[in-house]
Amino acid sequence: MQYLSIKGNQKLKGSVGISGAKNAALPLLAVTLLSKNRVSIENIPEVEDVKTLLTLLGNLGSNSSCSNNHVTIDTTEVKSACANYEIVKKMRASILTLGPLLARFGHCEVSLPGGCAIGQRPIDLHLNALEQMGATIELKDGYVVAKAPNGLKGAAIIFNKITVTGSENIIMAASLAHGVTKLVNVAKEPEVVQLCEVLQDAGVVIEGVGTSNLIIFGSCGKLLDMKNFKVIPDRIEAGTYLCAGAITNSKITVTNVNPNHMKEITLKLIQMGFGIKETKSTITILPAKKILPIHIETTEYPGFPTDMQAQFMALCTQANGTSVINERLFENRFMHVSELGRMGTNIKLEGHSATIQGDSQLNSADVMATDLRASSALILAGFVAKGTTKIHRIYHLDRGYENLEGKFSKLGAKIERLEE
Ligand code: EPZ
């Protein structure tokens, strides 16, 4: 097993290039199941979750090649419609194959993803919507067994809770359905918007892209003529690096980003006293005279992203005063609090609310990563702790951060990946 060793009391400097968005790449790889031709995709992040999904698509019969963040994939030979547990258990986003497989083949079996560290993560909204499109859904031996022998039908669907991958699954399913699908209360994340845009470029008529209400005119089962495309920048990776600049009170720049996707993140950094300078594709953070405490509520896009909650919590330990963070999307997304506590933070939890005392002198410790974003919070804390921090179980980090220690080293961090 590997671990990260991080020297504390560091300043960072310079600039770092941001990779393509993991949470855009995953649905965009799944949607190639609807393509009648080979597709070339640029700016794919080389992270474990993408490799896992490519393996799953390979197991289904697709052919793909991946090098230098460029993937070409051909799913025309896909015959099997069964996404097995061995792969799905490694990455819950495999559930994104459910909608496309059912729409294309009229039947599929996809392992139930199971929960993870941050919560139970049900998929009832995905399944209810597919049933409204005429599918029969059965849960058997830990698998979702879905059937729609005459194809899916367009339907009017209201999501009673905003779900990112639920929206993506149904947008993909509706693209091949017979008839028109109206979706209400759809997720508006940039990753959902790019999926819609790629489908529009493939000839699917979708109205309302970027709003909470979509109207999708299905192709009646005809496979799509998908065009080549480039994955949008990862706003969460970019936010994580900006938080690294913030917590060490350094001037750093993130490049290859879309500042418009990060308005809530940069606004909170400005409210905490940092300077933010933007160009079309870069963001520079400037040191704060005094790091101010903050109040954060995580909400769906365009609100403050839950995937940045842990990173800001680490930052709040260095603010001059008490901050409050309310996690409103997941029931158990405070796993990083106990690990941060071992480094000397003073964070009180009450239900979904965390109260963070600032001005904490952190000490290095052996800590354990629990989920992807919690792990990045531990790295940020390690940069300001006294001594050398060791972060174990870093396979969580490798799921979503490309070349993490290489990028942080480029910013001057003393961070190494070592064998236990
Ligand atoms: C996506 O997960 C992201 N993953 C998550 O990023 C992100 O934290 C989350 O959206 C929220 O923004 C990918 O895009 C691959 P949801 P998803 O369905 O789609 C409840 C990361 O770190 N819900 O929007 O699984 C659910 O329990 C990951 O990159 C239902 O009740 O999240 C949660 O409370 C972590 N029933 C809320 O909705 C359902 O059928 C939002 O979940 C589906 C969801």
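A brief structural summary. What you are looking at is a predicted structure, and each value in this text was computed from that prediction instead of being measured.

Using the criterion set out here, one finds three aromatic pairs in the structure. Ring centres 4.5 Å apart and planes at 40° place the aromatic pair Y241 and F408 in the tilted group. With Y241 in helix α8 (residues 235-247) and F408 in helix α14 (residues 404-410), this residue pair connects regions lying 167 residues apart in the sequence. What makes Y241 buried here is its relative accessible area of 1%. Looking at F408, the relative accessible area reads 1%, which means it is buried.

Within the secondary structure layout, S375 lies in helix α12 (residues 372-384). Judged by relative accessible area, which is 0%, S375 ranks as buried. Counting along the chain gives 18 residues from S375 to R393, while the straight-line C-alpha distance between them is 8.9 Å. If we ignore the near neighbours within four places in the chain, the residues touching S375 are A369, T370, I391, H396 and L397.

This part takes up unusual backbone geometry. That bond from Y301 to P302 is cis: its omega, 10°, falls within 30 degrees of zero. For P302, the location among the structural elements is in the loop between β18 (295-297) and α10 (309-316). Of note in the backbone geometry, N249 takes a positive phi value of approximately 50° without being a glycine. As for its position among the elements, N249 is in the loop between α8 and β15 (252-255). Here the phi dihedral of N256 falls at roughly 60°; this positive angle occurs in a residue that is not glycine. Within the secondary structure layout, N256 lies in the loop between β15 and α9 (263-271). Relative accessible area serves as the criterion here: at 46%, N256 is assigned to the partly exposed category.

Thresholds, definitions, all that
Residues numbered from 1 in each chain as written. Predicted model: local features only at pLDDT ≥ 70, side-chain atom pairs only at ≥ 80, totals over all residues. Heavy atoms only, no water. Phe/Tyr/Trp six-rings, centres within 6.5 Å; stacked < 30°, edge-to-face > 60°. Helix = DSSP H or I, 4+ residues; strand = E, 2+ residues; numbered from the N terminus. Buried < 20%, exposed > 50% of the residue type's maximum accessible area, 1.4 Å probe, protein only. Contact = heavy atoms within 4.5 Å.

Function cannot be read off these values alone, since they describe shape.
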